[in-house]
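Chains, contacts and geometry: an overview
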Amino acid sequence: MFDGYTSSELMSIFAMQGFAGLSLFSVFVLMALGLTIIFGQMGVINMAHGEFMILGAYTTYLTSGFFQSYLPGLFGGYFFVAMILAFFVCAALGALVEWLMIRHLYHRPLDTLLATWGLSLIMQQAYRSIFGAREVGVDLPEWMLGAFNVTDLVQLPINGLFVMIIALSIAVGLYLLMYRSGYGKKVRAVVQNRPMAEAVGINSAGIDRATFALGCGIAGVAGAAFTMIGSTGPSSGQAYIVDTFLVVVFGGAQSLIGTIVSAFGISQAQSTMEFFLSGSMAKVLTLLVVIGILMLRPEGLMALKVRR
Amino acid sequence: MKTSSPMKWFATREGLYYLGLAALLVIILPLILDPFRLNMVGKYLTYAFVAVGLVMCWGKAGILSLGQGVFFGLGGYCMAMFLKLEASTPEATAIQSTPGIPDFMDWNQLTALPWFWEPFHSFSFTLIAVIGVPVLLAFVIGLAMFTRRVGGVYFAIITQAIAAVLTILIIGQQGFTGGVNGITDLQTLKGWDIRTDEARTTLYFVCVGMLFLCLFVARFVQNRKLGRILVAMNAQETRVRFSGYDVAAFKIFVFCLAAAFAGVGGAMFTLIVGFMSPSFIGIVASIEMVIFCALGGRLSILGAVYGALLVNAAKSGFSESFPELWPFAMGALFIGVVLAFPNGMAGLYQSYVMPLEDRLFKRNKGQKLDTKPAEKAAEPKPTAEKTDDYDPMIDSYSPEKS
């Protein structure tokens, strides 16, 4: 497939596709981070994660509409308000879902998968009934339009760059929260040994609820960021959920670094192959390679060493 | 549990259940439904094959596959390829630039039949492929995953990814597979027009026959030691492994069995519906197949058949009159089945209807145990914690192995 390209042409193709893959990378990272803490820390498979993300996107859409009609002067900054709103809306819904559904299913991970799939169907249809089946987009504020020209071949759109910055700062924030804070310590204690954690006075049910809500809230922020680079429809969440789960599993379920590395690898592989093959073949090849590697390393790239 | 003659078996409680299902499918439904509706029931029944496979693989052995649509699709596509080749004679496709190849290939500028289509000129090869191709794939997946001890959640996600791969592949390779439209315009099977009402009714009965064949195979597996090992494996995998059993081999076997059922179901689907397309086999379709099994009762072979019938009938009914409501109903079904009655309708039946039956027919408890020991042992109380219920079973099995 490399026939007919000189090595310098190949270099610039790789560079170009690499930069193009970065926006896919940010989507993967944003979605996968929320999943990782829910799946990796609690063992719950949240198939409705994509729908939480879409909820964040619709929140952003409504916020931008509100700013446009009532506060046009502050429109340039609406996105930051939307992001915070999206986080809290999704986190609140997440806490509710945890209380109604998930807490009854902690010992049956496969059943959480089915139940959250049902939730995702309901949420999707709710969006379709409320917002209509058509995709909605938001207007970007002035400062987000345009692009940096890195070289004459490579262009970096500012909105893509912005989303990437959000993705990375959430990743860093999450790392600090999980590994450098009292809350994170409690979460990890509950994961490792629930009865012992309870015995030393940690409210494990509360930790579970907070963690699930946090994961859903991050999904909401992801959705808010997602509106910057694409439009949102009722079923856009489902389009990413399988890929994102593979990202999480591939990276090693409990490892934040692993998630980022695997998101980077998968998005870059897909983006680079897209240039040489058709988009669908690139995706098929990427997924097959990921599945193949997972068969060799079932625990993922950066798994903790545990005895099986 | 052993009954000396088949006739005696039909007088037992389990035998009566099978007779009841047979009466419903062979006598009652054909009498009250017109050919169009009967054809639809036939379509629902093809999903029952998948659901029965899932009972064995998920309910008994605890391997949740979210990619059963893959095997359903492979069986269906194998059959569709044969029918398509039969429909694409040089005379029938004379207006194409290359006569004698399927029409969608001609539209996609293919000038020769791809190599993997060639064997499908033969009917006997097709019949073998309908089961063989899904089983082969299941064997490869199973070998790769179970010997590496990939299981549970990871297995579910990977099978889902495989379903995604297959659908993307089929849609992307339009020239070879018919793309998103699938393989359409199928007309005859060995010269027999499958689109007439009589043919469809005949196919319905063939489908019922095949389904009962699968049911008996599943029942056979369930009632042998093999079936008990599967159940034991689900509860305490390490104990079974330490008892000297090759857990991976059992898992591969049951996964292949489920794939074979799904393949047969897919082939019957193609015959009954008259076409095959990626929308019946993708991620969404595959996970819906799991709910057929879950609603019927993930531990009950017959429950799965009723589950497939009911969900599909409800889907047709709902989406005809209130298309908006169906996703809500389906979602509620997923949540409700998992939260409220994990053992599905069969579980509800066992805990509420069966005691009533016992009182009605004045059966005593000893007799009940006599007729249905396997079923009783295999089905824990709906709300009970799994491991607790299964433990004594394994212990009762350990003396059996040497």
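Residues numbered from 1 in each chain as written. Chains lettered and ligands numbered in written order. Predicted model: local features only at pLDDT ≥ 70, side-chain atom pairs only at ≥ 80, totals over all residues. Heavy atoms only, no water.

This paragraph deals with the overall build of chain B. Broken down by element type, chain B carries 19 helices and two strands. By the burial criterion, 55% of the 402 residues in chain B qualify as buried. Residue pairs at least 24 apart in sequence account for 77% of intrachain contacts in chain B once pairs closer than 6 positions are excluded. Surface exposure of chain B reaches about 16,800 Å², of which carbon and sulfur atoms provide 66%. (Helix = DSSP H or I, 4+ residues; strand = E, 2+ residues; numbered from the N terminus. Buried < 20%, exposed > 50% of the residue type's maximum accessible area, 1.4 Å probe, protein only. Contact = heavy atoms within 4.5 Å. Areas by Shrake-Rupley, 256 points an atom, 1.4 Å probe, with all protein chains shown as cover.)

A count of helical and extended segments in chain A gives eleven helices and two strands. Listing each helix as α and each strand as β along chain A from the N terminus yields α-α-α-α-β-β-α-α-α-α-α-α-α. For chain A, the C-alpha radius of gyration of 20 Å lies close to 19 Å, the compact-globule estimate for 308 residues. Considered along the principal axes of its C-alpha atoms, chain A spans approximately 65 × 55 × 35 Å. The 308 residues of chain A split such that 53% are buried. The contacts of chain A with a sequence gap of at least 6 include a subset with a gap of at least 24, amounting to 76%. (Rg over C-alpha atoms; globule rule 2.2 N^0.38 Å.)

Residue and element names in this part refer to chain A. Relative to the helices and strands, Gly-300 is located in the segment after helix H11 (279–296). With a relative accessible area of 3%, Gly-300 lands in the buried category. Along the primary structure Gly-300 and Gly-258 are separated by 42 residues, whereas in three dimensions their C-alpha atoms are 8.1 Å apart.

Here the focus is the interface of chain B and chain A. With 41 residues of chain B at the contact, the number on the chain A side is 41 residues. Summing both sides of the interface, chain B and chain A together bury roughly 3,600 Å²; the carbon and sulfur share of this comes to 79%. Scanning the region where chain B abuts chain A turns up one salt bridge. Inspection of the region where chain B meets chain A yields three residue pairs in polar contact (both at pLDDT 80 or more). Broken down by element, the residue count for the side of chain B that touches chain A peaks at 14 residues, all from helix H7 (residues 152–172) of chain B. (Buried area = accessible area lost by both parts, 1.4 Å probe. Salt bridge = Lys/Arg side-chain N within 4 Å of Asp/Glu carboxyl O. Polar contact = N/O pair within 3.5 Å; in protein donor to acceptor, adjacent residues only side chain to side chain.)

As a rule of thumb, soluble globular proteins bury nonpolar side chains together. If you look at the biggest cluster of nonpolar residues, it comprises 220 residues, and the most contacted ones within it are A:Phe52, B:Leu25, B:Leu45, B:Trp58, B:Phe72, B:Leu215 and B:Val305. Sort the elements by how many residues they give to this core and helix H12 (residues 247–273) of chain B lands first, with 19 residues. When residues no more than four places from it in sequence are discounted, the contact partners of B:Val305 are B:Leu21, B:Leu45, B:Ala48, B:Val52, B:Leu211 and B:Leu215. (Core = buried A, V, L, I, M, F, W, Y, C linked by side-chain atoms within 4.5 Å.)

Turning next to the UniProt feature "transmembrane region" (unreviewed entry) in chain A. All names here are of chain A. The UniProt entry lists residues 20–40, 52–71, 77–101, 153–178, 212–233, 239–263 and 275–296 under the feature "transmembrane region" (unreviewed entry), expressed in the numbering used here. Secondary structure content for residues 77–101 is 92% helix and 0% strand, and the end C-alpha separation is 36 Å. Segment residues 212–233 splits into 82% helix and 0% strand. End C-alpha atoms: 24 Å apart. (UniProt positions renumbered as here; feature names shortened; annotations may be inferred.)

Here we take up the confidence of the model for chain A. Residues of chain A with pLDDT of at least 70 account for 95%, and the chain-wide mean is 85. For chain A, strand E2 (residues 155–157) of chain A is the element with the lowest average pLDDT, namely 74, and helix H3 (residues 78–100) of chain A is the one with the highest, namely 92. (pLDDT = per-residue confidence, 0-100.)

We now examine the packing of aromatic side chains. Per the stated rule, a full pass over the model turns up 37 aromatic pairs over all chains. Connected via pairs of aromatic rings, a cluster forms that spans B:Tyr47, B:Phe72, B:Phe269, B:Phe275, B:Phe280 and B:Phe292. Residue placement shows A:Arg194 over the ring face of A:Tyr106; its charged tip is 5.9 Å from the ring centre. (Phe/Tyr/Trp six-rings, centres within 6.5 Å; stacked < 30°, edge-to-face > 60°. Lys NZ or Arg CZ within 6 Å of the ring centre and 35° of its normal.)

Moving on to the pattern of salt bridges. If charged atoms from side chains of opposite charge come close, those side chains can pair. Residue and element names in this part refer to chain A. With the rule as written, the count across this model stands at twelve salt bridges over all chains. Across the pair Glu-98 and Arg-209 runs a salt bridge whose closest N-O atoms are separated by 2.8 Å. Residue Glu-98 is located in helix H3, and its partner Arg-209 is located in helix H8 (residues 204–229); the two are separated by 111 residues in the primary sequence. A relative accessible area of 27% means that Arg-209 is categorised as partly exposed.

Right, let's get into the environment of B:Val133. Position of B:Val133 relative to the elements: it lies in helix H6 (residues 123–146). When sequence neighbours within four positions are dropped, the list of residues in contact with B:Val133 reads B:Leu74 and B:Cys78.

Attention shifts here to the packing of helix H13 (residues 283–296) of chain B against helix H15 (residues 325–339) of chain B. The description of two helices packed together rests on the angle between their axes and the distance between the axes. Residues and elements named next belong to chain B. Two numbers describe how H13 lies on H15: the axes approach to 10 Å, and their chain directions differ by 50°. With respect to H15, the element H13 is oriented oblique. H13 and H15 meet at a crossing whose hand is left-handed. Seen from H13, the contacting residues are Ile-287, Glu-288, Ile-291, Ala-294 and Leu-295; seen from H15, they are Met-330, Leu-333, Phe-334 and Val-337. Per-class residue counts for the contact of H13 with H15 are eight nonpolar, no polar and one charged. (Axes fitted to C-alpha atoms, helices over the stretch in contact; angles between N-to-C directions. Parallel < 35°, antiparallel > 145°, perpendicular 65-115°, else oblique. Left-handed = near helix turned anticlockwise from the far one by under 90°. Nonpolar A, V, L, I, M, F, W, Y, C, P; charged D, E, K, R; others polar.)

Take the side chain of A:Asp111 next. If you trace the backbone, A:Asp111 turns up in helix H4 (residues 109–131). Engagement of the side chain of A:Asp111 in a polar contact is seen with the side chain of B:Arg298, the distance being 3.2 Å. Residues within four places of A:Asp111 in sequence aside, it is in contact with A:Leu105, B:Trp58, B:Arg298 and B:Val338.

Okay, unusual backbone geometry next. Negative phi values dominate among residues other than glycine, just as trans dominates among peptide bonds. Residue and element names in this part refer to chain B. Located in the positive-phi region is Arg-149, a residue other than glycine, with phi close to 60°. Assignment of secondary structure puts Arg-149 in the loop between H6 and H7. Given the relative accessible area of 43%, Arg-149 is considered partly exposed. Positioned with a positive phi, Lys-190 is a non-glycine residue whose angle comes to about 50°. Inspection of the secondary structure assignment puts Lys-190 in the loop between strand E1 (188–189) and strand E2 (192–193).

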